[in-house]
Amino acid sequence: MKKSLRPQTKLVHAGSLRSQYGEMSEGIFMTQGFLYENSAAAEARFKGEDDGFIYARYGSPTNAMFEQRMCALEGAEDARATASGMAAVSAAILCQLNAGDHIVAARALFGSCRWVVETLAPKYGIECTLVDGRDIATWEAAVRPNTKLFFLESPTNPTLEVVDIKAVADLAHQAGARLVVDNVFATALYQKPLELGADVVIYSATKHIDGQGRCLGGVILSSKEWIEEELQDYFRHTGPALSPFNAWLLMKGLETFPLRVRQQTASAGKIADFLADQKQVARVIYPGRADHPQADIISKQMTAGSTLIAFELKGGKEAAFALQDTLDIVSISNNLGDAKSLITHPATTTHKNLSDEARAELGITGGTIRFSAGIEDTDDLIDDFAQALAKLPG
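Predicted model only: the values in this text are computed from it and were never measured.

1. What to know about the sheet that holds strand 11 (residues 342-344)
In spatial order, the strands read 8-9-12-11-10; together these 5 strands make up an open sheet with mixed pairing. Only two strands of the sheet have a single partner each, and these edge strands are strand 8 (281-285) and strand 10 (331-332). Relative to strand 11, strand 10 runs parallel, the two sharing 2 bridges. Of the residues in strand 11, the one forming a bridge with Ile-332 is Ile-343.

Written out as structure tokens, the structure is:
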């Protein structure tokens, strides 16, 4: 496809393969293995002299279509689809490190991401230093001679901190390290980490890409060289591959991805403004607002806000639970990026396993709430928050 085409067009057409039947909706190739015409053909396939498929764990036509469509959106040379977002995180980090290497990671990470770098990696002799991702000086101070990887998410989960991706990428490359960015909260519509200097971008496709609560999935995007030299063997031999059926669901999700995300973002911005004016709310953090602590960085690296809002209630955990339990339209769930609006209490769910001190460092209190805007009518969502807030004491 022409590179000049806009994302909404690419997400409908890019990467499509059609069988001899000329189907309009892409086919699902539900097969474990593939047929070879003869023994020589099998040998050539395994030697890499023939680009055909070998085994569904290595790749399939359906997965390839999803990967190519994601490459068209992200502007990446190559990609691999994984069974979940955390499979993508683990593979992207572990595939390129050895015992004795060192990771520098932003401390503001999704709980499972933090576990991978802080708990899992050290079991294999890989050291990790957590830093305040907002302060480039802390990244620089953490660099060691054996530093091989920088890792961050921006905006962060759940408090929507923003990290200067270009500054961190420049520092990583000066140190001879690579930068891996989890771009879930910004989405590929609003932020392009590869263009900002990142080496690898990862997504939980479970979120906005599927965006309809149907399946798990993940994707890793980078240069063709990095995929083939660092990721491919890990991917083939450890088996984090996405199922073809889920790859098909994610392709269908990509067709409506821009429509959903733009509606969700528009709603999130209006709801953030509404919440900021409520007496029960201590603070609101939203990347589209001028009062965001890193508004200057946002203006440089993001083209819009987010579908997510973080806010803090003055009444702490008791108020947070009361609000969540009183909402009619908004559902309590630890997922995000769904067509349905969802609300989460991070301190007791997604970040429960962090110490009290670690949560305090991240600004997660008992009153902190993460809201994921869905595609419902914005005014209905505001009315729902209004009625729930009105029932809080004080």
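2. With respect to the pairing of strand 3 (residues 127-131)
Alignment of strand 2 (residues 102-106) against strand 3, held across 5 bridges, turns out to be parallel. From the neighbouring strand, Ala-105 faces strand 3, where its bridge partner is Leu-130. Since strand 2 and strand 3 lie parallel, the crossover through helix 5 (residues 111-123) that links them has a hand, and here it is right-handed.

3. Focus on the packing of aromatic side chains
Using the criterion set out here, one finds 7 aromatic pairs in the structure. With centroids separated by 6.3 Å and ring planes inclined at 25°, the aromatic side chains of Phe-245 and Trp-248 adopt a geometry described as stacked. Taken together, the residues Phe-245 and Trp-248, both in helix 11 (residues 244-276) and 3 residues apart, mark about one turn of the helix. Taken together, the ring pairs connect Phe-311, Phe-371 and Phe-385 into an aromatic cluster. In this structure, Arg-236 packs its charged tip against the face of Tyr-58, placed 4.0 Å from the ring centre.

4. Brief notes about the UniProt feature "modified residue: N6-(pyridoxal phosphate)lysine" (unreviewed entry) in the protein chain
Within the UniProt annotation, "modified residue: N6-(pyridoxal phosphate)lysine" (unreviewed entry) is assigned to Lys-207. With respect to the helices and strands, the residue Lys-207 is situated in helix 9 (residues 206-210). Judged by its relative accessible area of 16%, Lys-207 falls in the buried class. Contacts of Lys-207, omitting those with residues within four sequence positions, involve Val-184, Asn-335, Leu-336 and Gly-337.

5. Considering unusual backbone geometry
Working note: non-glycine residues mostly have negative phi, and peptide bonds are mostly trans. A cis amide bond links Ser-154 with the next residue in sequence, Pro-155, at an omega value of -10°. By secondary structure assignment, the location of Pro-155 is in the loop between strand 4 (147-153) and helix 7 (165-174). For the bond from Asn-157 to Pro-158, the omega torsion is 10°, close enough to zero to count as cis. Tracing the chain through its elements places Pro-158 in the loop between strand 4 and helix 7.

Calculation criteria
Residues numbered from 1 in each chain as written. Predicted model: local features only at pLDDT ≥ 70, side-chain atom pairs only at ≥ 80, totals over all residues. Heavy atoms only, no water. Pairing = 2+ DSSP bridges. Helix = DSSP H or I, 4+ residues; strand = E, 2+ residues; numbered from the N terminus. Right-handed = clockwise from strand over helix to strand, strands pointing away. Phe/Tyr/Trp six-rings, centres within 6.5 Å; stacked < 30°, edge-to-face > 60°. Lys NZ or Arg CZ within 6 Å of the ring centre and 35° of its normal. UniProt positions renumbered as here; feature names shortened; annotations may be inferred. Buried < 20%, exposed > 50% of the residue type's maximum accessible area, 1.4 Å probe, protein only. Contact = heavy atoms within 4.5 Å.

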